[in-house]
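Each chain, written out:
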Amino acid sequence: MEIRAPAVSEWCRLNVKPPPTVSNPEERKAMFKVKEAFSSFSVNDLQKAKEFYTNTLGLKVSETPEGLELNTGGTGVFIYPKPNHAPATFTVLNFPVDDIDQAVASLKKQGVRFEQYNMPDLKTDRDGVARGPHGPQIAWFKDPAGNILSVLEERSAD
């Protein structure tokens with residue numbers, strides 16, 4: 001079955017104005033004004049998530065009726081419960097740090113286990129840090145729901 005937009009004559013018959021068409025990209029931008037963006041992801045146990053993000057990672061966490069708001073010092077992050085949660089297979093949250101070795105050591109003391117990768121294009125050292133020739137130094141770990149998080153240190157420009 002083919003789905004199509006109603007013809008103008010159908011809009012007229014229904015006594016409804018069709019949505020405006022905008023060909024000028026500048027006008028199109030004006031139709032959508034972002035106030036503030038935030039990211040979100042699901043977990044299977046909100047209480048475990050709250051304990052992890054508060055006690056293990058040391059973040060300020062606010063509870064709402066719908067879930068958890070993480071205060072990361074930047075854009076907001078919202079965590080919501082989902083009964084049939086499936087962990088993301090990609091990094092859902094990155095934490096930039098000044099010193100990756102110090103951050104990894106500190107998180108290990110809190111019980112965080114870092115992922116180990118030994119693939120042709122991605123290898124981590126014994127601490128779980130990928131120190132490839134390009135991009136940031138990065139170490140991945142998981143929250144209690146299995147979502148992938150990371151700490152990363154940008155390389156200096158010199």
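The following refers to the structure shown. (Residues numbered from 1 in each chain as written. Predicted model: local features only at pLDDT ≥ 70, side-chain atom pairs only at ≥ 80, totals over all residues. Heavy atoms only, no water.)

Within the structure shown, the criterion is met by four salt bridges. Note that Lys50 and Glu63 form a salt bridge whose closest N and O atoms lie 2.5 Å from each other. Pair noted here: Lys50 is in helix α3 (residues 46-56) and Glu63 is in strand β2 (residues 60-63), with a separation of 13 residues, a long-range link. Overall, the relative accessible area of 24% leaves Lys50 in the partly exposed class. Linked through salt bridges whose partners overlap, the residues forming this network are Asp101, Asp125 and Arg131. (Salt bridge = Lys/Arg side-chain N within 4 Å of Asp/Glu carboxyl O. Helix = DSSP H or I, 4+ residues; strand = E, 2+ residues; numbered from the N terminus. Buried < 20%, exposed > 50% of the residue type's maximum accessible area, 1.4 Å probe, protein only.)

What follows covers the environment of Phe78. Assignment of secondary structure puts Phe78 in strand β4 (residues 76-81). Classification of Phe78 by relative accessible area gives buried; the value is 16%. In contact with Phe78, other than residues within four places in its own chain, are Phe38, Ser39, Ser40, Phe41, Thr64, Glu66, Gly67, Leu68 and Glu69. (Contact = heavy atoms within 4.5 Å.)

The subject of this paragraph is the side chain of Asn147. Along the polypeptide, Asn147 turns up in the loop between β9 (137-142) and β10 (148-153). Here the side chain of Asn147 touches Ser42 through a polar contact of 2.9 Å, landing on its backbone oxygen. (Polar contact = N/O pair within 3.5 Å; in protein donor to acceptor, adjacent residues only side chain to side chain.)

Let's shift gears to the pairing of β10. Of all six residues making up β10, six are buried, and the element is well covered by its neighbours. Alternating residues of β10 divide into Ile148, Ser150 and Leu152 and Leu149, Val151 and Glu153, and every residue in both groups is buried. Relative to β10, strand β5 (residues 91-96) runs parallel, the two being bridged by five bridges. Looking at the pairing, Thr91 lines up with Ile148 of β10. Sheet topology note: the β9/β10 ladder contains six bridges and is antiparallel. In the sheet register, Lys142 faces β10, and the bridge partner there is Ile148. Between β9 and the antiparallel strand that follows it, β10, lie five residues; Gly146 among them carries a positive phi value of about 90°. (Pairing = 2+ DSSP bridges.)

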